[in-house]
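Structural description and commentary
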Amino acid sequence: PSIVSEARREGKRARTSRYLGVSWFSSSEQWRAQITHRSRNIHLGLFTDERRAAEAYDAEAIALRGPRAQINFHPDTGQVVIGQRLEDLAGAPAGP
């Protein structure tokens, strides 16, 4: 790979979140959390910390979808579990 393509790839990584529901909002230089539910895009807020944005997404996903919510972090341990359903995590609370 060329130096230019490597630089582009690195720049994209700096603006892309690995977490569900989180993206870089360049105009405010903060992480944006949002979730889509019943064809509606719900803005959850802007955060200086990527993990805090992902935690906001998880809380809303659980509130909206209960045990079927796909989340970023195990609710008890805080371990990264990106994309797993709450109901599939051993020992996780059942949700609302």
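Residues numbered from 1 in each chain as written. Predicted model: local features only at pLDDT ≥ 70, side-chain atom pairs only at ≥ 80, totals over all residues. Heavy atoms only, no water.

Some points on the overall build of the protein chain
Summing up its helical and strand segments, the protein chain has two helices and five strands in all. Traced from its N-terminal end to its C-terminal end, the protein chain shows the element sequence α-β-β-β-α-β-β. For the protein chain, restricting intrachain contacts to residue pairs at least 6 apart in sequence, the fraction spanning at least 24 positions comes to 24%. For the protein chain, the exposed area adds up to about 6,200 Å²; of that, 49% sits on carbon and sulfur atoms. (Helix = DSSP H or I, 4+ residues; strand = E, 2+ residues; numbered from the N terminus. Contact = heavy atoms within 4.5 Å. Areas by Shrake-Rupley, 256 points an atom, 1.4 Å probe, with all protein chains shown as cover.)

A short note on the sheet that holds strand β2 (residues 30-37)
Taken together, three strands build an open sheet; the order of strands is β1-β2-β3 and the sheet is antiparallel. Unpaired on one side and paired on the other, β1 (22-25) and β3 (40-47) mark the two borders of the sheet. For this sheet, the mean angle separating the axes of adjacent strands, direction not counted, is 35 degrees. Taken strand by strand, helix α2 (residues 50-65) contacts β1, β2 and β3, and its axis lies near 15 degrees from that of β2. (Pairing = 2+ DSSP bridges. Axes fitted to C-alpha atoms, helices over the stretch in contact; angles between N-to-C directions.)

Examining unusual backbone geometry
Unlike most non-glycine residues, Glu-29 shows phi in positive territory, near 55 degrees. In this fold, Glu-29 is placed in the loop between β1 and β2.

What to know about the pairing of β3
Pairing analysis gives seven bridges linking β2 to β3, with the strands arranged antiparallel. The partner of Thr-36 across the bridge, within β3, is Asn-41. Hairpin connection of β2 to β3: two residues between the antiparallel strands, including Arg-38 at a positive phi of 50 degrees.

Some details on the confidence of the model for the protein chain
Here the protein chain shows a mean pLDDT of 87. Residues at 70 or above account for 78%. Element-level pLDDT for the protein chain is lowest in helix α1 (residues 3-15), with a mean of 58, against a maximum mean of 98 in α2. (pLDDT = per-residue confidence, 0-100.)

Regarding the nonpolar core
Inside soluble globular proteins, nonpolar side chains tend to come together where they are buried. Counting residues in hydrophobic clusters, the biggest one holds 10 residues: Ile-35, Ile-42, Tyr-57, Ala-61, Ile-62, Ala-69, Ile-71, Val-81, Leu-86 and Leu-89. Listed in part, the eight residues of the second largest apolar core include Trp-31, Ala-53, Ala-54 and Phe-73. (Core = buried A, V, L, I, M, F, W, Y, C linked by side-chain atoms within 4.5 Å. Buried < 20%, exposed > 50% of the residue type's maximum accessible area, 1.4 Å probe, protein only.)

What about the side chain of Asp-58?
Within the element layout of this structure, Asp-58 appears in helix α2. For the buried residue Asp-58, which engages in no salt bridge, the nearest side chain bearing the opposite charge is Arg-51, 7.5 Å off. Residues within four places of Asp-58 in sequence aside, it is in contact with Ile-71, Asn-72 and Phe-73. (Lys, Arg positive; Asp, Glu negative; His and termini not counted. Salt bridge = Lys/Arg side-chain N within 4 Å of Asp/Glu carboxyl O.)

Describing the pattern of salt bridges
For side chains bearing opposite charge, pairing can occur when the charged atoms are close. All chains considered together, the criterion is met by three salt bridges. Between Glu-87 and Arg-68 there is a salt bridge, with the nearest N and O atoms lying 3.0 Å from each other. Here Glu-87, found in the segment after β5 (80-85), pairs with Arg-68, found in the loop between α2 and β4 (70-73); they are 19 residues apart in sequence, far enough to count as distant. Through salt bridges that share partners, Arg-51, Arg-52 and Glu-55 make up one connected network.

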